[in-house]
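A closer look at the structure
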Amino acid sequence: MALIVQKFGGSSVADIDRIRNVANRVVEYRHRGDQVVVVVSAMKGVTDNLIDMAKSLMPVPSEREMDMLLATGEQTTIALLAIALQSMDIPAASLTGAQAGIVTDGVHSKAKIRNITPKKIHALLDAGNVTIVAGFQGETSEGHITTLGRGGSDLTAIALASALKADLCQIFTDVDGVYTCDPRLVPTAKKLEEVSYDEMLELASLGARVMQSRSVEFAKKFGVIFEVRSSLNDNPGTLVKEETQSMEDVVIRGVSLDKNQAKVTLIGVPDEPGMAARVFQQLAGSAINVDMIVQNVSHGTDTPSTDLSFTLDKPDMAKAQNVLEGMRGEIGFADVLADENIGKLSIVGVGMRSHSGIAAKVFEVLAAAGVNIQMISTSEIKISVVIAIEKAEEATRAVHDAFLS
Ligand code: ADP
Ligand code: ASP
Ligand code: MG
């Protein structure tokens, strides 16, 4: 008897018909005699609606109450799916993240899983139930409800697959697998049969929202092989696993576009040792993740100063501006500029390690499309550029087609 963890995202449980469809898929595995743990997200749009309601009361609501609020989205779905299964005479029981034994740290809205004690899951499975767990949530050891960051049900599924030593972990979504680029954005994108953890991690953290990046990090760390596939058909999906020799033969695995980034520039920062350390320590202390950083050459001879630009998640922009404004006196910079109208375009592939000239080709394609590059960052297996949002989608198609069609 195999133990399977299946995760269904928001679009797969968007309405009652879709929830019935999920119940039918679960039953297929159940009838084969497998033990099934199902992780579900909130119904499509629910999390966003809850956020909008809270923000209509207060622009920056308390993160503790936001977690309390958002956790209700997944709680609705687990109960509905359990009821759908019971209506088909399949024994099923639902658990919140806390009941499932998911213990996190206390960083509300982006909590990290500390440990999982899946006693109740085992008990329910042993009693013959399909066990349904609310994705995206856990609780601190003091009993406060936390959430695991947007898209966090993926992490719940992968972490449970690891804790339960599941034989199979399947992430069901609304596309057939992981593509060379978001198929909604690039019609020529192709489905990948397999992708390495490192490539998936880069694609995910650079905007391919098909998997939450933290969940891929977790899968890599604990060696959880998982499959991304459609909840709407039986087509084979994409296997995400450790790198194999043959993967290096492909130079570029995929392209992603992140439109959820913003750029902040500090103008006229005194060019002295310790300034960047102070700025980024303060941002980190406020749980703001910074990604690309560019500091230009000093200008001015009497009091040399620099401009310091960095990118961050768009929802953190207002918080970052507040933090930086609070440091104006201490640091003595001239101004803070914030730009939400950017996109980060990236190309990813483990084969880039052993090939040169990829960056030059990206820049050439962007130049031909009349796209100005604002920032650049590279690693062994990726190249990212920040560009204006108006041109971002067109640029993504151009770069994708230059490398991957
Ligand atoms: P779920 O509700 O199942 O969690 P998401 O909306 O989070 O689903 O993720 C699925 C979506 O990810 C797809 O509908 C697709 O538009 C988008 N996506 C972005 N990049 C990719 C990619 N490289 N491959 C597949 N899908 C992608
Ligand atoms: N409902 C949460 C979100 O919308 C978690 C998830 O869908 O995975 O981000
Ligand atoms: Mg998702």
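These figures come from a predicted structure and were not determined experimentally.

1. So, the pattern of salt bridges
- Counting across every chain of the model gives 20 salt bridges.
- Between aspartate 34 and arginine 32 there is a salt bridge, and its shortest N-O distance comes to 3.3 Å.
- Taking the relative accessible area as the measure of exposure, aspartate 34 reaches 10% and is therefore buried.
- With a closest N to O distance of 3.7 Å, arginine 328 and aspartate 335 form a salt bridge.
- Its relative accessible area of 32% is what places aspartate 335 among the partly exposed residues.
- A cluster of three or more residues bridged by salt bridges with shared partners is formed by Glu243, Arg353 and Glu380.

2. Considering the sheet that holds strand S13 (residues 254-258)
- In space, the four strands of this open sheet follow the order S13-S18-S20-S19, with antiparallel pairing throughout. The open sheet has two edge strands with one neighbour each: S13 and strand S19 (375-379). Within the sheet, the average angular offset between the axes of one strand and its neighbour, ignoring direction, is 15 degrees.
- Relative to strand S20 (residues 382-388), strand S18 (residues 342-348) runs antiparallel, the two sharing seven bridges. Residue pairing across strands places leucine 345 opposite valine 385, the latter belonging to S20.
- Each of S13, S18, S19 and S20 touches helix H6 (residues 197-205); the most contacted strand, S13, lies at about 25 degrees to it.
- Along the sheet face, helix H12 (residues 389-404) touches S13, S18 and S20 and points at about 175 degrees away from the line of S13.

3. Brief notes about the site of ligand 1
- Surrounding ligand 1, one finds 18 residues, the nearest of these being Thr173, Asp174, Tyr179, Asp182 and Arg184.
- At 2.9 Å, a backbone N or O of tyrosine 179 approaches a nitrogen atom of ligand 1.
- In this structure, an oxygen atom belonging to ligand 1 sits 2.9 Å away from a side-chain N or O atom of arginine 209.
- The class makeup of the residues in the shell around ligand 1 is eight nonpolar, five polar and five charged.

Thresholds, definitions, all that
- Note that residues are indexed from 1 along each chain, following the sequence as it is written.
- Written order decides the labels, with chains lettered from A and ligands numbered from 1.
- In view of the model being predicted, local features appear only for residues whose pLDDT reaches at least 70, and side-chain atom pairs are presented and counted only at 80 or more, with totals across whole chains, interfaces and linings using the full set of residues.
- The basis for every side-chain value is the complete set of heavy atoms in the structure, and neither hydrogens nor water enter the calculation.
- When a carboxyl oxygen of Asp or Glu is within 4 Å of a side-chain nitrogen of Lys or Arg, the pair counts as a salt bridge.
- Partly exposed describes any residue whose relative accessible area lies between the buried limit of under 20% and the exposed limit of over 50%, with all areas from a 1.4 Å probe on protein chains only and scaled to the type maximum.
- For two strands to count as paired, DSSP must find a minimum of two bridges between them.
- Put simply, DSSP H or I for four residues or longer makes a helix, DSSP E for two residues or longer makes a strand, and each gets a number counted from the N terminus.
- Every angle, taken between N-to-C directions, lies between 0 and 180 degrees, and every axis is a line fitted to C-alpha atoms, over only the stretch in contact when it is a helix.
- Whether two residues are in contact is decided by their heavy atoms: any pair within 4.5 Å suffices.
- By convention in these notes, a residue is near a molecule or strand provided one of its non-hydrogen atoms lies within 4 Å of it.
- Counting of polar contacts relies on pairs of N or O atoms within 3.5 Å, with two restrictions inside protein: one atom must be capable of donating a hydrogen and the other of accepting it, and residues adjacent in sequence are counted only when both atoms are side-chain atoms.
- Throughout this entry, Asp, Glu, Lys and Arg are counted as charged residues, while Ala, Val, Leu, Ile, Met, Phe, Trp, Tyr, Cys and Pro are counted as nonpolar. The remaining residues, Gly among them, count as polar.

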